[in-house]
Each structure stands twice: as C-alpha cells, then as structure tokens.
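# A look at the structure
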Amino acid sequence: MTGQERSEEKSECVSLSPMRETVPALPERVCVFGTGDLGRSLGLRLLQAGYSVVFGSRRTHSSSRLPHGAQVLGHAAAAQSAHLIFIAVQREHYDFLVPLANQLKGKVLVDLSNNLRKNQYPEANAEYLQSLVPGAEVVKGFNTLSAWSLQNGPSDANRQVYICGESVEAKQVVIAVASKLGLSALDRGFLSVARELEDFPLQLFPQWRLPLRIAIGLSAAFFFYLLIRYVIYAYVTQGDDISFRIMVSLANQVCPIVSLIMLSLCYLPGVLASILQLYRGTKYRRFPNWLDHWMLCRKQLGLLSLGFAFLHVLYTLIIPIRYSVMFWVTEHTVSLIRENRTTMFDTTTAWHDDSYLSLGILGFGLYVLLGITSLPSVSNVLSWREFSFIQSKLGHLTLLLCTAHTYLYGWNRFLSASTYKWYTPPGYMLCLVLPSVVLLLKLLLITPCVDRTITRIRQGWERGADQRNPKDSQPLIP
Ligand code: NAP
C-alpha cells in the first residue's frame with residue numbers, strides 16, 4: 001500500500017468517540033508577598049513547577065528583577081487573586097497586613113520568616129501573624145530553605161521542610177505545593193510548634209559542641225603538659241633549645257593522644273549504659289540526661305577522633321623529610337664512619353617496630369571504615385545488624401588495636417626511670433588509662449554470664465518484676 005492510499009483510507013475513517021474540545025487547564029495561582037531574595041527565588045520555583053505566580057508588592061512597577069512570567073500587583077489585588085499566599089517579608093513589617101484583613105479572610109498564609117536569634121520576640125512569628133490576621137489560616141513552613149537553595153534546586157540535605165498550623169486543610173494545601181516543588185513536607189503539628197521551627201535555622205552544630213569542647217580542652221591540656229615535659233625540661237635541665245619540636249614532634253604526640261582518648265569516649269557511654277542496666281535490672285528506666293546527651297554525640301566524637309588520627313598519620317609520614325631528622329641520621333652515620341664503628345642489627349627492635357607500626361596501620365584502616373559507615377549515605381544502605389557489627393564490634397576492635405599500638409610504642413620504657421621526667425609520666429602513658437578501662441569493662445560485659453543477663457534485660461526482662469507486680473505473672477486467660 002502506497003503512502004497516498006494509506007492517507008486516503010485514514011481520511012475515510014470515522015472516530016467513534018464523541019468529539020471533545022480540549023480546553024487546557026488553567027495553572028493554579030499562588031501569591032507571594034514580597035519581592036526580596038526569598039520571594040523571587042520561591043516565585044521562580046513555583047513558575048517552574050507549573051504554577052501561575054502573582055507577587056504582592058509595594059512597588060508594582062519596579063519588577064525588572066522578577067522571574068519572567070510572574071505578575072505583580074498591589075497587596076490587596078494580589079491577595080484577592082489567590083487562595084495560597086506566601087509571606088516573604090520580614091516579621092518587623094507584618095503590620096502592613098492588618099488593613100488587608102478582609103482580603104485575607106479564609107486564605108492560607110504561609111509564614112516563611114526567621115529571626116536573628118532565639119527568643120527575639122515574646123511569641124513565634126507565625127503566632128504573631130495569626131494574631132494580626134485572625135480570619136486567615138496561618139501555616140508555618142519552608143523557613144529552613146534558603147533563597148540560594150531554592151534557586152539552585154534543593155540538595156538532598158534540604159529537601160525536607162517542616163510545617164505546622166491549626167488547620168489540617170490549609171496544611172494539606174501547603175504539602176501539595178511542597179511536593180510539586182520536589183520537597184517533602186513533614187507536618188509537625190499545631191502552630192504552637194512554630195517557635196521550634198523558627199529556631200531550626202539558628203542552630204549552630206548542636207551535636208558538635210560537646211565533642212569540640214572536649215577535643216579543644218584535651219589538645220590544650222596535653223600540649224602544655226608535653227611542652228613542659230619535653231621543651232621546658234630540656235631547657236632547664238640541659239640548657240638545650242629544642243623549641244623547634246613544637247611544630248611537628250609535639251603536635252604528633254598530641255594528635256594520637258587526643259584521638260585515642262576520644263575514641264575511648266565513644267565507647268565508654270555504651271559500657272556505662274550496660275552497667276547501669278545491669279545494676280537497675282531493667283531497660284525501662286531512663287538514663288540520666290548527661291548519659292543520654294553523651295550517647296547522642298558519639299558519632300561526632302568518633303569523627304573528631306578520626307580527624308586527629310588522620311593528622312597523626314600525616315605527621316608520621318613526613319618524619320623522614322624533616323631537616324632535623326635528616327641531620328641527625330647523617331650525623332650519626334658520619335660519626336660511625338669517623339670512629340670506624342658498626343652497629344648490629346637488632347631483630348627484637350625490628351620486630352617491635354614492625355608490630356607497633358602494623359597495629360597502627362590496621363587500627364587506622366578500621367578507623368576509616370568506621371568513619372565511612374557513619375556517613376548517612378552509607379549507613380542508610382546497611383541493615384541494622386551490619387551497622388551495629390561495624391560500629392560496635394569493629395569499633396571495639398579498633399580501640400583494641402590502637403591501644404595495643406600505644407602499648408607497643410611505650411614498650412620497655414614503662415619501667416625505665418628516665419621516662420618519668422620531673423616524676424611525671426609521658427603523655428602516651430596517661431592516654432592509655434581510659435581505653436584500658438573501657439576495654440577491661442567491655443571484656444567483663446561480654447563474659448557469657450554477664451552477657452546473658454544484659455541480653456535478657458534488652459529483650460524486656462526485668463529483675464524482680466514478678467515480686468513487684470504479682471498480677472503480671474498471672475495468665476491473661478485463667
Ligand atoms: P528581603 O530581601 O529583605 O525582602 C523582603 C521583602 O519584603 C522586600 O523585598 C519588600 O518587597 C518587602 N517589604 C520590605 N519592607 C516592607 C514593608 N514595610 N511593608 C511591606 N513589605 C515590605 O528579605 P528576604 O531575604 O526575601 O526574606 C523574606 C522573609 O523570608 C524573611 O522573614 C526571612 O526571615 C525569611 N527567610 C529568608 C531566607 C533567605 O534565604 N533570604 C530563608 C528563609 C527565610 P516589596 O518591595 O516587593 O514590597
């Protein structure tokens with residue numbers, strides 16, 4: 001069949017479905033009050049998502065920087081043209097909304113505002129907005145997004161937005177818009193939660209504060225301790241100026257010490273929690289607040305400790321290229337030649353050195369594995385069993401390897417009197433106390449009889465529960 005015949009046949013065909021005029025659906029109209037940074041970015045995203053956007057502005061003619069396709073009207077006219085209105089104006093200027101109360105009656109107002117600091121005002125901005133326009137349905141939300149992220153498309157981290165408000169219908173309208181913008185909105189409840197949502201963007205690394213303080217405190221304490229023991233001691237007792245050692249040698253002692261102590265601090269709260277549960281004979285009593293808080297920042301403690309371990313590795317790798325080291329090696333070799341002396345190869349020292357280095361490398365390898373699996377993108381694809389195997393079992397193994405690495409570093413110096421300058425132990429000995437205690441306690445906890453009791457407690461068994469509440473032991477059906 002030729003192309004012409006086919007087209008003729010087609011033209012003779014009669015469509016059996018009724019003739020329908022296709023009227024394109026009008027895009028839903030959304031209003032944005034304020035043509036500032038956030039208003040413009042939000043308007044652009046709304047346009048890209050297929051909405052018709054109308055801006056409510058004080059300056060309806062200076063709209064050159066607005067996204068193409070958006071309309072600009074005065075506040076009253078803009079409010080009348082849409083059911084959903086985003087308020088992208090600073091809270092200080094909200095009083096302009098009072099005269100618009102009639103136009104805003106029954107409308108959904110999304111309060112996007114943030115504050116400069118916590119408790120800046122007696123009430124949340126969204127509650128204040130609701131009090132100004134009681135006839136409108138105020139929803140707090142989208143305030144955790146920035147104008148920048150809206151313009152560039154939200155990344156995984158800020159795809160989540162929180163909303164709250166009194167009206168379920170109003171919240172559903174906002175949730176529908178959020179999902180069309182590619183965001184996922186989580187309903188946090190009534191408008192009384194608004195203050196909490198407004199505080200979110202003001203948070204400054206809340207989980208990192210304690211770990212950072214510990215890291216800075218430990219680094220400062222050990223830096224001064226080692227400064228006195230090495231640099232000042234050498235100057236006072238022998239008149240030697242070895243202050244140049246501060247930059248690398250001292251730093252390379254502080255880093256592993258802080259790293260090992262912080263790694264122990266990661267595992268100590270878990271051990272303490274087990275001991276507390278054993279002592280109480282139940283898991284149904286809350287841990288003290290300090291222990292709760294400590295457990296919550298274990299990841300940050302671990303990551304900081306990994307950072308210090310990494311610095312230790314870098315400092316160690318540059319040892320051979322240091323001027324002072326190259327000088328002493330050359331000096332030693334030249335003096336051997338001059339005095340026509342030779343040194344014997346000591347197998348014990350070689351074994352000691354290799355074992356100490358090997359344990360350090362293995363410990364660091366596992367350290368890195370712990371760090372990688374703590375990343376949300378990795379931990380999300382692990383089952384709970386895999387995650388706890390790596391973080392708990394391999395974590396304790398890492399602590400064991402790093403502790404053994406430090407013990408081997410000390411080797412026979414533990415018993416030498418010259419190690420204890422001014423009767424003080426070296427830093428590496430001090431830092432061994434905590435990991436040794438954690439490992440010993442852990443060893444006790446995994447002995448079969450103790451482990452059995454802890455497992456039962458974690459499965460819901462309570463010591464003395466039958467005596468406390470005899471009814472509990474009675475069968476439900478007599
Ligand atoms: P902005 O750049 O200062 O813009 C605010 C807009 O409010 C102005 O462009 C102006 O628009 C309008 N406005 C100013 N004074 C007014 C008055 N007296 N009466 C009525 N309207 C007035 O602020 P923004 O950065 O877009 O932030 C807007 C709101 O979003 C703030 O509450 C802020 O806390 C919140 N927020 C901002 C971001 C962000 O990344 N920028 C992120 C989250 C939340 P017209 O000239 O068109 O009237």
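Residues numbered from 1 in each chain as written. Predicted model: local features only at pLDDT ≥ 70, side-chain atom pairs only at ≥ 80, totals over all residues. Heavy atoms only, no water.

### Details of the nonpolar core
Side chains of a nonpolar character, in soluble globular proteins, are inclined to be buried together. Heads up, the rule is: What is meant by a nonpolar core is a set of buried Ala, Val, Leu, Ile, Met, Phe, Trp, Tyr and Cys residues, joined one to another through side-chain atoms within 4.5 Å. Whether a residue is buried, partly exposed or exposed follows from its accessible area with a 1.4 Å probe, protein chains only, as a fraction of its type maximum: under 20%, in between, or over 50%, in that order. Only DSSP runs of H or I covering at least 4 residues are called helices, and only runs of E covering at least 2 are called strands; the numbering of each starts at the N terminus. Pairs of residues are marked as contacts when any of their non-hydrogen atoms sit within 4.5 Å.
Counting 48 residues, the largest nonpolar core has Ile261, Met262 and Tyr367 as its most contacted members. Here the element with the most residues in this core is helix 10 (residues 249–280); it accounts for 15 residues. The contact partners of Tyr367, leaving out residues within four places of it in the chain, are Ser259, Leu263, Gly302, Ser305, Leu306, Ala309, Thr398 and Cys402. The next biggest cluster of nonpolar side chains, apart from the first, holds 29 residues, and it includes Val32, Val53, Leu66 and Val177.

### Re the site of the ligand
Defined as follows: Distances are taken per atom, and a residue is near a molecule or strand as soon as one of its heavy atoms is within 4 Å of it. A 3.5 Å cut-off defines polar contacts: any pair of N or O atoms within that distance qualifies, except that in protein one atom must be a possible hydrogen donor and the other a possible acceptor, and neighbouring residues in sequence count only when both atoms are side-chain atoms. Computed with the Shrake-Rupley method and a 1.4 Å probe, the accessible areas treat only the protein chains shown as cover for residues.
For the ligand, the set of nearby residues contains 20 residues, the closest of which are Thr35, Leu38, Ser57, Arg59 and Ala147. Contact between the ligand and Arg59: an oxygen atom at 2.8 Å from a side-chain N or O atom of the residue. Within the complex, 80% of the 890 Å² of free accessible area of the ligand lies under protein.

### Points about the environment of Gly307
Inspection of the secondary structure assignment puts Gly307 in helix 12 (residues 298–317). Sequence spacing of Gly307 and Cys255 is 52 residues, and the spatial spacing of their C-alpha atoms is 8.9 Å.

### Notes on the side chain of Ser379
Residue placement: Ser379 occurs in helix 15 (residues 376–379). Of the residues examined, Ser379 reaches a relative accessible area of 17% and is grouped as buried. The contact partners of Ser379, leaving out residues within four places of it in the chain, are Thr373, Ser374 and Phe387.

### Let's talk about the side chain of His396
Mapped onto the fold, His396 is located in helix 16 (residues 384–410). Sequence-distant contacts of His396, defined by excluding residues within four places in its chain, comprise Tyr267, Leu439 and Lys442.

### Quick notes on the UniProt feature "transmembrane region" (unreviewed entry) in the protein chain
Selection rule: UniProt positions are given in the numbering used here, feature names are shortened, and annotations may be inferred rather than shown by experiment.
Annotation from UniProt places "transmembrane region" (unreviewed entry) at residues 214–236, 256–279, 300–321, 356–382, 394–412 and 427–450. Helix and strand shares over residues 256–279 are 100% and 0% respectively, and the end C-alpha atoms of the span are 34 Å apart. Secondary structure within residues 356–382 divides into 81% helix and 0% strand; the distance between the first and last C-alpha atoms comes to 32 Å.

### Some details on a nonpolar patch on the surface
Test applied: Nonpolar side chains (Val, Leu, Ile, Met, Phe, Trp, Tyr) are joined into patches within 5 Å and like charges within 9 Å, using only residues with over 30% relative accessible area and no salt bridge. We define a salt bridge as a side-chain nitrogen of Lys or Arg found within 4 Å of a carboxyl oxygen belonging to Asp or Glu.
The grouping of Ile228, Ile232, Tyr235, Val236 and Trp422 at the surface amounts to a nonpolar patch, some 500 Å² of accessible area in total. As for its position among the elements, Tyr235 is in helix 9 (residues 209–238).

### Examining the sheet that holds strand 4 (residues 84–87)
Basically, it comes down to this: Pairing between strands is defined by DSSP: at least two bridges between them are needed. The axes used here are C-alpha line fits, helices contributing only the stretch in contact, and every angle between their N-to-C directions lies in the interval 0 to 180 degrees.
Strands sit in the order 3-2-1-4-5-6-7-8 across an open sheet of eight strands; the sheet is mixed. With partners counted over all chains shown, the strands left at the sheet margins are strand 3 (71–73) and strand 8 (184–187), one partner each. Each strand axis lies, on average, 30 degrees off the axis of its neighbour in the sheet, ignoring direction. Across four bridges, the pairing between strand 4 and strand 5 (residues 108–111) is parallel. Each residue of the ladder has a partner; that of Ile87, found in strand 5, is Asp111. Docked against the sheet, helix 5 (residues 125–132) engages strand 4, strand 5 and strand 6 (137–141), running at close to 165 degrees with respect to strand 6.

### Some thoughts on the pattern of salt bridges
On inspection of all chains with the given rule, the structure shows eight salt bridges. The shortest N-O distance in the salt bridge between Asp292 and Arg286 comes to 2.7 Å. A relative accessible area of 26% places Asp292 in the partly exposed class. The partner of Arg341 in a salt bridge is Glu339, and the shortest N-O contact between them spans 2.8 Å. Taken together, the shared-partner salt bridges connect Asp111, Lys140 and Glu198 into one network.

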